[in-house]
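Residues per chain are reported as follows:
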Amino acid sequence: MKSEKLDLNNINPETVNSGNLGDIVAAMRNAPPKGSIMLDKTLLPSRGKLYPDTPLYVKKLTPLNVKNLAVITADNINKVINNVLATSIWGGPNFDYTSIYTGDKLYLIFYLRAYTYNDMPFRLRGECTECGNICNYDFTLSNLDIQYLDEDVPEYIELGNGDRIKLVFSTIATENAVNQLKNRQDISIEINPELLELATYIKSVNDVDLTLFKAYEYITELDAMTFSEFANIISKYLFCVRPEAKFKCPKCGEDIYLPMPFVSNFFLPVIKK
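Note that the structure is predicted; figures quoted are calculated from it, not measured.

Side note on helix α6 (residues 172-182)
Listed in full, the buried residues belonging to α6 are Ile172, Thr174, Val178 and Leu181. On the buried face of α6, the contacting elements are α4 (77-88), α5 (102-116), α7 (193-199) and α8 (212-220). Among the residues of α6, the N-terminal cap falls to Thr171, whose side-chain oxygen and the backbone nitrogen of Ala173 are separated by 3.2 Å.

Here you go:
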């Protein structure tokens, strides 16, 4: 097995000077990766409200990350993004990247690109739908169209039918569970993806924890009025990044939204000397 050189740069000097190898190794496991920075979680679409108080660290994209992002496709996008986050986000020795909320995933990819390339602008060209003006726009992270979780999430919500529902929010682990449920061969009913997405918000009903499939069954068995009530309540707690950039038309001042494509030169920009 190949041995690796111990990197003591991030370790407390007192621990290093103690000479105790066990203490040094333990300290290394608890130290953030070299070159990483602490993430301000309030920048996330979730505002960091749903994460533990422990810090998260990010490090710059590696050449392998960049190569994979530059050839991303509709078929592999989730796998590539998840692999990038697994190698770029650190929250301690027991941190599992699958605990990252799906509403934050796309933002973190844009954030990592900005951190890696010092928020290098990406040129977009678009037309104002109001006045027809066509011009170039330079995208930076500040132009990203973000829907934030600015509402405080209650421990329970109560529906008109009397049910008390404890909410939970989708993570990468939830996405994996959703895919497994869709591929199960022992389920005879056809799974509706929109209803299944709503089911991912249910942790328990009347203090009884539900599996994802049981939560889906609960959603499908609601009467229309209670279903509408639940869907409207959930809409207040949605957070995500829309893959769009927001600008002001320099001619008429109207808002312009341009799609942000995941193209090769976004992740492999031309570096000018």
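A short note on the pairing of strand β12 (residues 255-259)
The two faces of β12 differ: Ile256 and Leu258 on one face are buried, but Asp255, Tyr257 and Pro259 on the other face are not. The pairing of strand β11 (residues 240-248) with β12 spans 5 bridges and is classified as antiparallel. The residue bridging Lys246 from the neighbouring strand is Tyr257, located in β12. The antiparallel hairpin formed by β11 and β12 contains 6 residues in its connecting segment, where Gly253 sits at a positive phi of about 85°.

Points about the packing of aromatic side chains
A full pass over the atoms with the stated rule returns 14 aromatic pairs. A ring pair is formed by Phe110 and Phe262, whose centres lie 5.5 Å apart and whose planes are at 65°; its orientation type is edge-to-face. Here Phe262 lies in the loop between β12 and α10 (264-267) and Phe110 lies in helix α5, a separation of 152 residues in the sequence. The residues Phe110 and Phe262 share a single accessibility class, namely buried. The structure contains a cluster of three or more aromatic residues connected by ring pairs, namely Phe110, Phe122, Phe139, Phe262, Phe266 and Phe267. Taking NZ or CZ as reference, Arg113 lies 4.4 Å from the ring centre of Phe266, over its face.

Points about the sheet that holds strand β2 (residues 57-58)
Working definition: the strands of a sheet are paired by backbone hydrogen bonds and lie parallel or antiparallel to each other. Spatially, β1-β2-β3 is the arrangement adopted by the 3 strands of the open sheet, whose pairing is antiparallel. Strand pairing shows two members of the sheet lacking a second neighbour, β1 (37-38) and β3 (89-90), which therefore form its edges. Note that β1 and β2 share 2 bridges and pair antiparallel. When the bridges of β2 are listed, Ile37 appears paired with Val58.

A word on the pattern of salt bridges
Counted by the stated rule, this structure contains 10 salt bridges. Here Glu217 and Lys214 are joined by a salt bridge, their closest N and O atoms 3.4 Å apart. Residue Glu217 and its partner Lys214 are both found in helix α8; the two are separated by 3 residues, about one turn of the helix. The partly exposed category is assigned to Glu217, whose relative accessible area is 23%. The class of Lys214 is partly exposed, set by a relative accessible area of 46%.

Overview of the nonpolar core
Here is a general trend for soluble globular proteins: nonpolar side chains tend to be buried in one another's company. Leu85, Phe110, Phe139, Ile165 and Phe230 are the most contacted members of the largest nonpolar core, which totals 73 residues. Broken down by element, this core gets its largest block of residues, 8 residues, from α5. Residues in contact with Phe139, not counting those within four places in the same chain, are Phe110, Met120, Pro121, Phe122, Leu124, Leu144, Ala245, Phe247, Met260 and Phe266.

Thoughts on α5
For α5, built from 15 residues, the straight-helix expectation of 21 Å at 1.5 Å per residue is met to within 8% by its first-to-last C-alpha distance of 22 Å. In terms of burial, α5 is a largely internal element, 13 of the 15 residues being buried. At the exit of α5 stands Asn118, carrying a positive phi of roughly 55°.

A closer look at the side chain of Thr174
Along the polypeptide, Thr174 turns up in helix α6. Once residues lying within four places of it in the same chain are set aside, the contact partners of Thr174 are Phe169 and Thr200.

Overview of the sheet that holds strand β6 (residues 144-147)
Within the open sheet, the 3 strands sit side by side as β6-β11-β12. Their pairing is antiparallel. In this open sheet, the two edge strands, each paired with only one partner strand, are β6 and β12. Going from strand to strand, the sheet's axes swing by 50° on average, the running direction of each strand aside.

Reading the values: the criteria
- Residues numbered from 1 in each chain as written.
- Predicted model: local features only at pLDDT ≥ 70, side-chain atom pairs only at ≥ 80, totals over all residues.
- Heavy atoms only, no water.
- Buried < 20%, exposed > 50% of the residue type's maximum accessible area, 1.4 Å probe, protein only.
- Helix = DSSP H or I, 4+ residues; strand = E, 2+ residues; numbered from the N terminus.
- Contact = heavy atoms within 4.5 Å.
- Polar contact = N/O pair within 3.5 Å; in protein donor to acceptor, adjacent residues only side chain to side chain.
- Pairing = 2+ DSSP bridges.
- Phe/Tyr/Trp six-rings, centres within 6.5 Å; stacked < 30°, edge-to-face > 60°.
- Lys NZ or Arg CZ within 6 Å of the ring centre and 35° of its normal.
- Salt bridge = Lys/Arg side-chain N within 4 Å of Asp/Glu carboxyl O.
- Core = buried A, V, L, I, M, F, W, Y, C linked by side-chain atoms within 4.5 Å.
- Expected span 1.5 Å × (residues − 1).
- Axes fitted to C-alpha atoms, helices over the stretch in contact; angles between N-to-C directions.

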